[in-house]
Amino acid sequence: MPKSKKNSINLKLLEPQKVLEAANVSADTFRKILKSSPVTISICDEELRYTSIENPYQGTSTTAFIGKRDDEVFGESVGKALQAIKQEVIKTGKGIRFDIELPLPEAKLFYDMTIETLLDDKGDFQGLIGVAVEIDKRKRAEEMRNRSDEFLQRAFFAAKMG
């Protein structure tokens, strides 16, 4: 398990009460703000089981995650891919940011996800923290633009040949 403090988050910084007290914000206010945003925050233990999740992904609930691994929540294909990424973060001690399409009850949605290690005060590995921002509209717009670009290139080539 990594002991490096570089690119890791200290658990002391994640004590919600201390963070909220410092910001003079109540836990309820924090959850309200988070709930109206496209952001999900999760924590996994050393076995990659969710121990905490705030503002769960669209169409899901906290109970769908707590105590479970990604393959149990998202299915084998996506779950195994997420677990491999998390294992790499554990192995290297370096956080990673990536885009992923998650199969959720209501739809498949794209997320911009960041995963970092969690360390205690001594620098010992305690788990992982993930932050996911829903970017589905942006990804769908990019896909449409790419299809339009391809169509225009074909039309231009056909007109040139014609």
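Residues numbered from 1 in each chain as written. Predicted model: local features only at pLDDT ≥ 70, side-chain atom pairs only at ≥ 80, totals over all residues. Heavy atoms only, no water.

Things to note about the pattern of salt bridges
Working step 1: The full count for this structure, using the stated rule, is six salt bridges.
Working step 2: Arg49 is paired through a salt bridge with Glu47; the nearest N and O atoms lie 4.0 Å apart.
Working step 3: The partly exposed category is assigned to Arg49, whose relative accessible area is 23%.
Working step 4: Given the relative accessible area of 55%, Glu47 is considered exposed.
Working step 5: A cluster of three or more residues bridged by salt bridges with shared partners is formed by Glu47, Arg49 and Glu72. (Salt bridge = Lys/Arg side-chain N within 4 Å of Asp/Glu carboxyl O. Buried < 20%, exposed > 50% of the residue type's maximum accessible area, 1.4 Å probe, protein only.)

Quick look at helix α4 (residues 76-92)
Working step 1: The terminal C-alpha atoms of α4 lie 24 Å apart, and with 17 residues this matches the ideal 24 Å at 1.5 Å per residue to within 8%.
Working step 2: Within α4, the full set of buried residues consists of Val78, Gly79, Leu82, Gln83, Lys86, Val89 and Ile90. Considered in projection along α4, the buried side chains sweep an arc of 130° and stay on one side of the axis. The exposed set on the far side of α4, more than 90 degrees from its buried face, consists of Glu76, Ser77 and Lys91.
Working step 3: Along its buried surface, α4 packs onto β2 (39-44), β3 (50-54), α3 (70-74), β4 (96-103), β5 (108-119) and β6 (125-134).
Working step 4: Just downstream of α4 lies Gly93, where phi reads positive at about 75°. (Helix = DSSP H or I, 4+ residues; strand = E, 2+ residues; numbered from the N terminus. Expected span 1.5 Å × (residues − 1). Arc of directions from axis to C-beta. Contact = heavy atoms within 4.5 Å.)

Description of the packing of aromatic side chains
Working step 1: Using the criterion set out here, one finds five aromatic pairs in the structure.
Working step 2: Relative to Phe65, the ring of Tyr57 has its centre 5.6 Å away and its plane inclined at 45°; by these criteria the two rings are tilted.
Working step 3: The exposure class assigned to Tyr57 is buried, which follows from its relative accessible area of 3%.
Working step 4: Geometrically, the ring pair formed by Tyr57 and Tyr111 is edge-to-face, given 5.0 Å between the ring centres and 85° between the ring planes. Of this pair, Tyr57 sits in the loop between β3 and α3 while Tyr111 is found in strand β5, placing the two residues 54 residues apart along the sequence. Here the two residues Tyr57 and Tyr111 agree in accessibility, since each one is buried. (Phe/Tyr/Trp six-rings, centres within 6.5 Å; stacked < 30°, edge-to-face > 60°.)

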